[in-house]
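Residue-level listing of the chains:
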Amino acid sequence: MEPRKRPGKTKEIQVIADNLTGKSTILIGDSITKNMERFAPSYTRYFPASTVLNAGIAGDTVEAILYRVEVMNIPSSVSHISLLCGTNNLFSHSPATISSTITEILFLLRLKCPTAHIHLFPILPRFDQLKTHVTATNSLISFQVQELFPEFVFFHELPSTLHNRNLYRADKLHLTTKGNDILVRWFHHCITTSNPTNPEPNTLPLPSLQDVPSPLVITDTDWPPLPAPSQPSKPTI
């Protein structure tokens, strides 16, 4: 798909641009990403505003995010970028079209930030007629990441907790307060524990995220064990 500018979001895009300087982590996405900042009680504990910029914009489609990444001046201080998008395209586009556009976003991020680690998260579950559409799209995205980005792009599966429909609002799309809190902790867990196959020398660490005082809780009954964060696949010969 071609990049698409959303004229009604010009102000939000500018606010993001104005706050990029000095950041080490950027969280790119739609309302799912933005709602972590808005509704998760633990958000600022794991993602302090001094080093992390939440670049989620409600309603963004993959082509809108492609446009934003195209015009975004990402500073060299950025060492981690997360990407979670695609749910707003499910009604109007095929899994192949969504996944190919996400691939374009990843190529552009790699071009702009060759040493940054990019963390791609799958589309969250849908508990309606789009359920199988989500599964097919995520499968294609996972395959393309393994084929095209063997280094520096991590595809992180969701923890089983986030497949519990009780963590979603009545719209069957957005997370509850507790669901947002789980997503925040999973994002942090993935970003701080993933390591590239062939790390670049002199790549700066991420002390602002690593130094969170309390580790991810995985022992409570409503916090089942989480899968290990993904590692980039080594290319086959």
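Residues numbered from 1 in each chain as written. Predicted model: local features only at pLDDT ≥ 70, side-chain atom pairs only at ≥ 80, totals over all residues. Heavy atoms only, no water.

1. Considering the confidence of the model for the protein
Mean pLDDT over the protein: 86, with 82% of residues reaching 70 or higher. Every residue in residues 197-227 is under pLDDT 50, and counting partners more than four places away or in other chains gives 60 contacts. (pLDDT = per-residue confidence, 0-100. Contact = heavy atoms within 4.5 Å.)

2. A few points about the sheet that holds strand E3 (residues 80-84)
With parallel pairing, five strands are arranged side by side in an open sheet as E2-E1-E3-E4-E5. Where the open sheet ends on each side, the last strands, each with one partner, are strand E2 (52-56) and strand E5 (153-155). On average, each strand axis in the sheet is tilted by 15° relative to the strand beside it, whichever way the strands run. Note: strand E1 (residues 25-29) against E2, five bridges, orientation parallel. Each residue of the ladder has a partner; that of Ile28, found in E2, is Ala55. The strands touched by helix H2 (residues 31-39) within the sheet are E1, E2 and E3, with E2 carrying the most contacts at an inclination of about 135°. Against the sheet, helix H6 (residues 131-148) makes contact with strand E4 (117-120) and E5, and its axis sits at roughly 150° relative to E5, the strand it touches most. (Pairing = 2+ DSSP bridges. Helix = DSSP H or I, 4+ residues; strand = E, 2+ residues; numbered from the N terminus. Axes fitted to C-alpha atoms, helices over the stretch in contact; angles between N-to-C directions.)

3. Topic: the nonpolar core
Formed by 38 residues in total, the largest nonpolar core has its most connected members in Ile28, Leu83, Ile102 and Leu106. Looking at which element gives the most residues to this core, the answer is helix H5 (residues 95-112), with six residues. Grouped together as the second largest cluster of nonpolar side chains are 25 residues, Tyr43, Leu84, Leu167 and Cys190 included. (Core = buried A, V, L, I, M, F, W, Y, C linked by side-chain atoms within 4.5 Å. Buried < 20%, exposed > 50% of the residue type's maximum accessible area, 1.4 Å probe, protein only.)

4. So, the side chain of Asn35
Along the chain, the position of Asn35 falls in helix H2. What Asn35 contacts, discounting residues up to four positions off in sequence, is Ala40, Arg169, His174 and Asn180.

5. Looking at the side chain of His156
Position of His156 among the secondary structure elements: in the loop between E5 and helix H7 (177-193). Its relative accessible area of 0% is what places His156 among the buried residues. A polar atom in the side chain of His156 sits 3.0 Å from the side chain of His119. (Polar contact = N/O pair within 3.5 Å; in protein donor to acceptor, adjacent residues only side chain to side chain.)

6. Comments concerning unusual backbone geometry
With glycine set apart, most residues show a phi of negative sign, and most peptide bonds adopt trans. Positive phi, close to 70°, is recorded for Phe152, a residue that is not glycine. Within the secondary structure layout, Phe152 lies in the loop between H6 and E5. Within the chain, Lys172 stands out as a residue other than glycine whose phi angle is a positive 60°. Considering the arrangement of structural elements, one finds Lys172 in the loop between E5 and H7.

7. Structural notes on the packing of aromatic side chains
Taken as a whole and assessed by the stated rule, the structure comprises four aromatic pairs. Taking 5.6 Å as the distance between ring centres and 40° as the angle between the ring planes, the aromatic pair formed by Tyr43 and Phe47 counts as tilted. On the basis of relative accessibility, which here comes to 1%, the residue Phe47 falls in the buried class. Centre to centre, the rings of Phe121 and Phe187 are 3.9 Å apart; their planes meet at 5°, and the pair counts as stacked. Of this pair, Phe121 sits in the loop between E4 and H6 while Phe187 sits in helix H7, placing them 66 residues apart in sequence. A single burial state applies to Phe121 and to Phe187, both of which are buried. (Phe/Tyr/Trp six-rings, centres within 6.5 Å; stacked < 30°, edge-to-face > 60°.)

8. A word on the pairing of E1
The element E1 is extensively covered by neighbouring structure, given that five of its five residues are classed as buried. Alternating residues of E1 divide into Thr25, Leu27 and Gly29 and Ile26 and Ile28, and every residue in both groups is buried. When E1 meets E3, the two strands line up parallel, connected through five bridges. Within E3, the residue paired with Ile28 across the bridge is Leu83.

9. Observations regarding the packing of H5 against H6
Their axes nearest at 9 Å, the elements H5 and H6 cross at an angle of 35°. In terms of crossing hand, the pair formed by H5 and H6 is right-handed. Contacts between H5 and H6 involve Pro95, Ala96, Ile98, Ser99, Ser100, Ile102, Thr103, Leu106 and Phe107 on the former and, on the latter, His133, Ala136, Thr137, Leu140, Ile141, Gln144, Val145 and Leu148. Taken together, the residues of the contact of H5 with H6 sort by class into 11 nonpolar, six polar and no charged. (Left-handed = near helix turned anticlockwise from the far one by under 90°. Nonpolar A, V, L, I, M, F, W, Y, C, P; charged D, E, K, R; others polar.)

10. Section: the packing of helix H4 (residues 62-71) against H5
One can describe the packing of H4 onto H5 by two numbers: an axis separation of 9 Å at closest approach and a directional angle of 10°. When the axes of H4 and H5 are compared, the pair comes out roughly parallel. Contact residues: H4 offers Val62, Glu63, Ile65, Leu66, Val69, Glu70 and Val71, while H5 offers Ile98, Thr101, Ile102, Glu104, Ile105, Leu108, Leu109 and Lys112. When grouped by side-chain class, the residues that make up the contact of H4 with H5 number 10 nonpolar, one polar and four charged. (Parallel < 35°, antiparallel > 145°, perpendicular 65-115°, else oblique.)

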